[in-house]
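Tertiary structure, described
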Amino acid sequence: MIRLAVRCGPAAADRVLAELLRLAPGGVEEDGGPGWVEYAIYGSPGELPELGTITAVSTGEPIEVTSEEIPDDWADRWRDFHEPIWIADRVLIRPSWESVEREAVVDVVIDPGQAFGTGAHPTTRMCVELLLELADAGEASGRLVDLGTGSGVLAIVAAKLGWSPVVAVDHEVAAVEAVAANAAANAVEVEPRRVNLREQAPPSARTVVANLTAPLLLEVSARLQGPPRALICSGLLEREVGEVVSAFERAGLRPVDRLAQGDWAAIGFRS
(Lines give C-alpha, C1' and ligand atoms only; values in the text may rest on other atoms or scores of the structure.)
Protein backbone atom coordinates (compact mmCIF):
# COMPACT_ATOMS: atom_id res chain seq x y z
CA MET A 1 0.00 0.00 0.00
CA ILE A 2 1.26 3.49 -0.93
CA ARG A 3 0.54 6.72 0.96
CA LEU A 4 0.58 9.76 -1.34
CA ALA A 5 0.69 13.07 0.55
CA VAL A 6 0.44 16.74 -0.39
CA ARG A 7 1.72 19.28 2.16
CA CYS A 8 1.16 23.03 1.88
CA GLY A 9 0.72 26.18 3.93
CA PRO A 10 -2.66 27.07 5.51
CA ALA A 11 -3.28 29.83 2.94
CA ALA A 12 -3.26 27.29 0.12
CA ALA A 13 -5.05 24.49 1.97
CA ASP A 14 -8.57 25.08 0.63
CA ARG A 15 -7.42 25.24 -2.99
CA VAL A 16 -5.18 22.20 -2.67
CA LEU A 17 -7.93 20.16 -0.98
CA ALA A 18 -10.52 21.14 -3.58
CA GLU A 19 -8.17 20.10 -6.39
CA LEU A 20 -7.19 16.86 -4.65
CA LEU A 21 -10.84 15.92 -4.08
CA ARG A 22 -11.43 16.27 -7.82
CA LEU A 23 -8.88 13.48 -8.30
CA ALA A 24 -9.88 11.43 -5.24
CA PRO A 25 -13.57 12.27 -4.61
CA GLY A 26 -13.92 9.47 -2.05
CA GLY A 27 -12.12 11.63 0.50
CA VAL A 28 -8.67 12.23 1.94
CA GLU A 29 -6.82 11.97 5.23
CA GLU A 30 -6.03 15.33 6.82
CA ASP A 31 -3.23 16.26 9.22
CA GLY A 32 -1.61 19.51 10.21
CA GLY A 33 0.81 21.38 12.41
CA PRO A 34 2.31 24.86 12.88
CA GLY A 35 2.38 26.45 9.46
CA TRP A 36 1.40 23.37 7.43
CA VAL A 37 -1.53 21.20 6.37
CA GLU A 38 -1.15 17.75 4.81
CA TYR A 39 -3.66 15.74 2.80
CA ALA A 40 -3.06 12.09 1.95
CA ILE A 41 -4.66 9.30 -0.06
CA TYR A 42 -3.88 5.58 -0.10
CA GLY A 43 -3.82 3.00 -2.84
CA SER A 44 -1.97 0.17 -4.47
CA PRO A 45 0.94 1.00 -6.80
CA GLY A 46 -0.42 2.10 -10.18
CA GLU A 47 -3.91 2.89 -8.81
CA LEU A 48 -3.24 6.34 -7.35
CA PRO A 49 -4.24 9.42 -9.39
CA GLU A 50 -1.72 11.68 -11.09
CA LEU A 51 -1.12 14.75 -8.89
CA GLY A 52 0.72 16.92 -11.38
CA THR A 53 -2.06 19.54 -11.45
CA ILE A 54 -1.80 20.12 -7.70
CA THR A 55 1.30 22.28 -8.10
CA ALA A 56 -0.59 24.68 -10.35
CA VAL A 57 -3.29 25.67 -7.88
CA SER A 58 -1.18 27.78 -5.55
CA THR A 59 1.15 30.30 -7.14
CA GLY A 60 3.83 31.42 -4.73
CA GLU A 61 2.96 28.83 -2.09
CA PRO A 62 5.41 25.95 -1.50
CA ILE A 63 3.75 22.57 -2.04
CA GLU A 64 5.41 19.25 -1.29
CA VAL A 65 4.20 15.98 -2.81
CA THR A 66 5.61 12.79 -1.29
CA SER A 67 4.87 9.09 -1.41
CA GLU A 68 5.84 6.28 0.91
CA GLU A 69 5.16 2.60 1.27
CA ILE A 70 2.95 1.78 4.25
CA PRO A 71 3.77 -1.24 6.44
CA ASP A 72 1.45 -4.23 6.36
CA ASP A 73 -0.03 -3.18 9.71
CA TRP A 74 -1.20 0.21 8.37
CA ALA A 75 -4.88 -0.65 8.81
CA ASP A 76 -4.31 -1.48 12.47
CA ARG A 77 -2.76 1.95 13.00
CA TRP A 78 -6.07 3.55 12.05
CA ARG A 79 -7.36 2.38 15.41
CA ASP A 80 -5.29 5.07 17.12
CA PHE A 81 -7.45 7.88 15.71
CA HIS A 82 -10.53 6.36 14.04
CA GLU A 83 -13.11 6.99 16.75
CA PRO A 84 -16.93 6.86 16.90
CA ILE A 85 -18.69 9.92 15.52
CA TRP A 86 -22.07 11.19 16.66
CA ILE A 87 -24.12 13.35 14.29
CA ALA A 88 -27.09 15.35 15.60
CA ASP A 89 -26.95 13.10 18.67
CA ARG A 90 -28.88 10.49 16.67
CA VAL A 91 -26.57 8.90 14.13
CA LEU A 92 -23.52 6.96 15.29
CA ILE A 93 -20.79 6.11 12.77
CA ARG A 94 -18.19 3.81 14.29
CA PRO A 95 -15.54 1.23 13.49
CA SER A 96 -16.44 -2.37 14.21
CA TRP A 97 -14.07 -2.61 17.18
CA GLU A 98 -15.92 0.15 19.08
CA SER A 99 -18.93 -0.89 21.15
CA VAL A 100 -22.15 1.12 21.44
CA GLU A 101 -22.24 2.97 24.76
CA ARG A 102 -25.74 4.34 24.28
CA GLU A 103 -28.51 3.65 21.82
CA ALA A 104 -28.45 5.46 18.50
CA VAL A 105 -31.35 6.00 16.12
CA VAL A 106 -29.01 4.95 13.32
CA ASP A 107 -25.90 2.87 14.05
CA VAL A 108 -23.49 2.58 11.11
CA VAL A 109 -20.36 0.43 11.21
CA ILE A 110 -17.60 1.52 8.82
CA ASP A 111 -14.03 0.25 9.00
CA PRO A 112 -11.27 2.23 7.27
CA GLY A 113 -10.13 0.94 3.92
CA GLN A 114 -9.05 2.00 0.46
CA ALA A 115 -12.38 3.76 -0.14
CA PHE A 116 -12.39 6.67 2.26
CA GLY A 117 -15.33 8.17 4.05
CA THR A 118 -15.76 7.45 7.75
CA GLY A 119 -18.16 10.27 8.55
CA ALA A 120 -15.54 12.55 10.08
CA HIS A 121 -15.41 15.13 7.30
CA PRO A 122 -17.75 18.14 7.73
CA THR A 123 -19.31 17.60 4.31
CA THR A 124 -20.41 14.06 5.23
CA ARG A 125 -21.73 15.19 8.60
CA MET A 126 -23.79 17.98 7.03
CA CYS A 127 -25.26 15.59 4.45
CA VAL A 128 -26.35 13.30 7.28
CA GLU A 129 -27.98 16.25 9.06
CA LEU A 130 -29.93 17.17 5.93
CA LEU A 131 -30.97 13.53 5.45
CA LEU A 132 -32.29 13.56 9.01
CA GLU A 133 -34.29 16.71 8.23
CA LEU A 134 -35.89 14.99 5.23
CA ALA A 135 -36.64 11.91 7.33
CA ASP A 136 -38.23 14.06 10.04
CA ALA A 137 -40.42 15.62 7.35
CA GLY A 138 -41.65 12.19 6.28
CA GLU A 139 -39.56 12.13 3.09
CA ALA A 140 -37.53 8.97 3.85
CA SER A 141 -39.09 6.80 1.17
CA GLY A 142 -38.68 5.92 -2.46
CA ARG A 143 -35.53 5.67 -4.53
CA LEU A 144 -32.36 7.48 -3.37
CA VAL A 145 -29.08 7.83 -5.26
CA ASP A 146 -25.82 8.66 -3.46
CA LEU A 147 -23.36 10.25 -5.90
CA GLY A 148 -19.67 9.96 -4.99
CA THR A 149 -20.45 7.40 -2.33
CA GLY A 150 -16.88 6.53 -1.26
CA SER A 151 -17.24 3.90 1.48
CA GLY A 152 -21.02 4.17 1.34
CA VAL A 153 -21.66 6.03 4.60
CA LEU A 154 -24.48 8.22 3.25
CA ALA A 155 -26.09 5.39 1.29
CA ILE A 156 -26.14 3.18 4.39
CA VAL A 157 -27.53 5.97 6.58
CA ALA A 158 -30.26 6.58 4.00
CA ALA A 159 -31.16 2.89 3.83
CA LYS A 160 -31.39 2.72 7.62
CA LEU A 161 -33.61 5.81 7.67
CA GLY A 162 -36.09 4.17 5.29
CA TRP A 163 -35.19 5.05 1.69
CA SER A 164 -35.46 2.14 -0.73
CA PRO A 165 -34.07 1.25 -3.16
CA VAL A 166 -30.71 2.96 -2.53
CA VAL A 167 -28.14 3.22 -5.32
CA ALA A 168 -24.53 4.09 -4.42
CA VAL A 169 -22.54 5.60 -7.30
CA ASP A 170 -18.78 6.00 -7.59
CA HIS A 171 -16.17 5.82 -10.33
CA GLU A 172 -13.52 4.11 -8.19
CA VAL A 173 -13.46 0.30 -8.18
CA ALA A 174 -12.35 0.28 -4.53
CA ALA A 175 -15.42 2.32 -3.59
CA VAL A 176 -17.84 0.03 -5.43
CA GLU A 177 -16.33 -2.97 -3.66
CA ALA A 178 -16.32 -1.23 -0.27
CA VAL A 179 -19.97 -0.21 -0.54
CA ALA A 180 -21.05 -3.80 -1.13
CA ALA A 181 -19.04 -5.03 1.85
CA ASN A 182 -20.14 -2.20 4.16
CA ALA A 183 -23.81 -2.56 3.23
CA ALA A 184 -23.64 -6.27 4.05
CA ALA A 185 -21.93 -5.52 7.37
CA ASN A 186 -24.78 -3.14 8.22
CA ALA A 187 -27.51 -5.53 7.05
CA VAL A 188 -28.99 -3.10 4.51
CA GLU A 189 -29.64 -3.35 0.78
CA VAL A 190 -27.59 -0.93 -1.32
CA GLU A 191 -26.89 -1.28 -5.03
CA PRO A 192 -23.30 -0.23 -5.85
CA ARG A 193 -22.94 1.16 -9.34
CA ARG A 194 -19.81 2.34 -11.13
CA VAL A 195 -20.47 5.58 -13.03
CA ASN A 196 -18.09 8.26 -14.29
CA LEU A 197 -20.01 11.43 -13.46
CA ARG A 198 -17.62 13.50 -15.57
CA GLU A 199 -18.88 11.70 -18.67
CA GLN A 200 -22.21 10.06 -17.79
CA ALA A 201 -25.56 11.28 -16.53
CA PRO A 202 -26.29 10.39 -12.90
CA PRO A 203 -29.04 7.83 -12.26
CA SER A 204 -32.37 9.51 -11.59
CA ALA A 205 -34.17 9.22 -8.26
CA ARG A 206 -36.73 10.93 -6.07
CA THR A 207 -33.93 11.88 -3.64
CA VAL A 208 -30.31 12.53 -4.61
CA VAL A 209 -27.31 13.06 -2.34
CA ALA A 210 -24.20 14.45 -4.04
CA ASN A 211 -21.16 14.92 -1.81
CA LEU A 212 -18.82 16.03 -4.58
CA THR A 213 -16.48 18.89 -5.40
CA ALA A 214 -17.95 22.05 -6.89
CA PRO A 215 -16.67 21.44 -10.46
CA LEU A 216 -18.23 17.97 -10.44
CA LEU A 217 -21.48 19.30 -8.97
CA LEU A 218 -21.67 21.73 -11.88
CA GLU A 219 -21.30 18.85 -14.33
CA VAL A 220 -23.97 16.85 -12.51
CA SER A 221 -26.37 19.80 -12.63
CA ALA A 222 -26.03 19.95 -16.41
CA ARG A 223 -26.71 16.20 -16.83
CA LEU A 224 -29.69 15.71 -14.51
CA GLN A 225 -32.44 13.79 -16.26
CA GLY A 226 -35.18 15.87 -14.69
CA PRO A 227 -34.94 17.46 -11.22
CA PRO A 228 -35.30 15.14 -8.22
CA ARG A 229 -37.89 15.92 -5.56
CA ALA A 230 -35.05 16.58 -3.08
CA LEU A 231 -31.32 17.10 -3.62
CA ILE A 232 -28.63 17.37 -0.97
CA CYS A 233 -25.25 18.54 -2.18
CA SER A 234 -22.02 19.19 -0.33
CA GLY A 235 -18.28 18.96 -0.90
CA LEU A 236 -18.13 22.62 -1.88
CA LEU A 237 -16.43 25.57 -0.23
CA GLU A 238 -18.41 28.57 0.98
CA ARG A 239 -17.09 30.74 -1.85
CA GLU A 240 -18.40 28.21 -4.40
CA VAL A 241 -21.99 28.16 -3.13
CA GLY A 242 -23.35 30.92 -5.39
CA GLU A 243 -22.21 29.30 -8.62
CA VAL A 244 -23.45 25.85 -7.59
CA VAL A 245 -26.84 27.17 -6.45
CA SER A 246 -27.32 29.01 -9.75
CA ALA A 247 -26.47 25.88 -11.72
CA PHE A 248 -29.05 23.75 -9.92
CA GLU A 249 -31.65 26.52 -10.15
CA ARG A 250 -31.24 26.35 -13.92
CA ALA A 251 -31.89 22.61 -13.60
CA GLY A 252 -35.26 23.28 -11.95
CA LEU A 253 -34.33 23.15 -8.26
CA ARG A 254 -34.58 25.78 -5.54
CA PRO A 255 -32.39 26.03 -2.42
CA VAL A 256 -34.36 25.58 0.81
CA ASP A 257 -31.64 24.84 3.37
CA ARG A 258 -27.99 25.64 3.90
CA LEU A 259 -25.47 24.40 6.46
CA ALA A 260 -21.86 25.45 7.01
CA GLN A 261 -18.97 24.03 9.00
CA GLY A 262 -15.70 25.91 8.78
CA ASP A 263 -15.03 26.62 5.10
CA TRP A 264 -17.41 23.88 3.91
CA ALA A 265 -21.08 24.18 2.94
CA ALA A 266 -24.03 21.93 2.21
CA ILE A 267 -27.21 22.89 0.38
CA GLY A 268 -30.65 21.31 0.42
CA PHE A 269 -32.74 21.76 -2.72
CA ARG A 270 -36.34 20.95 -3.65
CA SER A 271 -38.01 20.85 -7.04
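So, how was this worked out
Residues numbered from 1 in each chain as written. Predicted model: local features only at pLDDT ≥ 70, side-chain atom pairs only at ≥ 80, totals over all residues. Heavy atoms only, no water. Axes fitted to C-alpha atoms, helices over the stretch in contact; angles between N-to-C directions. Helix = DSSP H or I, 4+ residues; strand = E, 2+ residues; numbered from the N terminus. Parallel < 35°, antiparallel > 145°, perpendicular 65-115°, else oblique. Left-handed = near helix turned anticlockwise from the far one by under 90°. Contact = heavy atoms within 4.5 Å. Nonpolar A, V, L, I, M, F, W, Y, C, P; charged D, E, K, R; others polar. pLDDT = per-residue confidence, 0-100. Core = buried A, V, L, I, M, F, W, Y, C linked by side-chain atoms within 4.5 Å. Buried < 20%, exposed > 50% of the residue type's maximum accessible area, 1.4 Å probe, protein only. Pairing = 2+ DSSP bridges. Right-handed = clockwise from strand over helix to strand, strands pointing away.

**A closer look at the packing of helix α3 (residues 122–136) against helix α4 (residues 153–161)**
Running from N to C, α3 and α4 point in directions that differ by 20 degrees, and their axes come no closer than 10 Å. Compared by their axis directions, α3 and α4 come out roughly parallel. Handedness of the crossing formed by α3 with α4: right-handed. Residues Thr124, Cys127, Val128, Leu131, Leu132 and Ala135 of α3 lie in contact with α4, whose contacting residues are Val153, Leu154, Val157 and Leu161. The class makeup of the residues in the contact of α3 with α4 is nine nonpolar, one polar and no charged.

**Some thoughts on the confidence of the model for the protein chain**
Averaged over all residues, the pLDDT of the protein chain is 85; the fraction at 70 or higher stands at 84%. The element-level mean pLDDT for the protein chain is lowest in helix α2 (residues 74–77), coming to 57, with strand β8 (residues 144–147) highest at 98.

**Overview of the nonpolar core**
Core analysis: the biggest nonpolar cluster contains 52 residues, and Tyr39, Val91, Leu131, Val157, Trp163 and Val190 have the highest contact counts within it. With eight residues, α4 is the largest single contributor of residues to this core.

**Quick notes on the pairing of strand β10 (residues 191–194)**
On a regular strand, one side chain projects to one face of the sheet and the next to the other, so that they alternate. The pairing of strand β9 (residues 166–170) with β10 spans four bridges and is classified as parallel. Residue pairing in the sheet places Val167 in a bridge with Glu191 of β10. For the handedness criterion, the β-α-β arrangement of β9, helix α5 (residues 173–185) and β10 is classed as right-handed.

**What about the packing of helix α6 (residues 214–223) against helix α7 (residues 241–250)?**
Put simply, α6 and α7 touch, their axes get as near as 9 Å, and they point 10 degrees apart. Considered as vectors, α6 and α7 are oriented roughly parallel to each other. Listed contacts from α7 to Ala214, Leu217, Leu218 and Ser221 of α6 are Glu243, Val244, Ala247 and Phe248. Its residues placed into classes, the contact of α6 with α7 shows six nonpolar, one polar and one charged.

**As for the side chain of Asn186**
Position of Asn186 relative to the elements: it lies in the loop between α5 and β10. Those residues in contact with Asn186 that sit more than four places away from it in its chain are Asp107, Val108, Val109, Ile110, Ile156 and Lys160.

**Notes on unusual backbone geometry**
Cis peptide bonds are those with omega within 30 degrees of zero, and the linkage from Ser164 to Pro165 qualifies with -5 degrees. One can find Pro165 in the loop between α4 and β9. At Asp89, a residue that is not glycine, the phi angle is positive and equals roughly 60 degrees. By the element assignment, Asp89 lies in the loop between β5 (85–87) and β6 (91–94). For Ala187, which is not glycine, the phi torsion reads 55 degrees and is therefore positive. Following the sequence through the fold, Ala187 ends up in the loop between α5 and β10.

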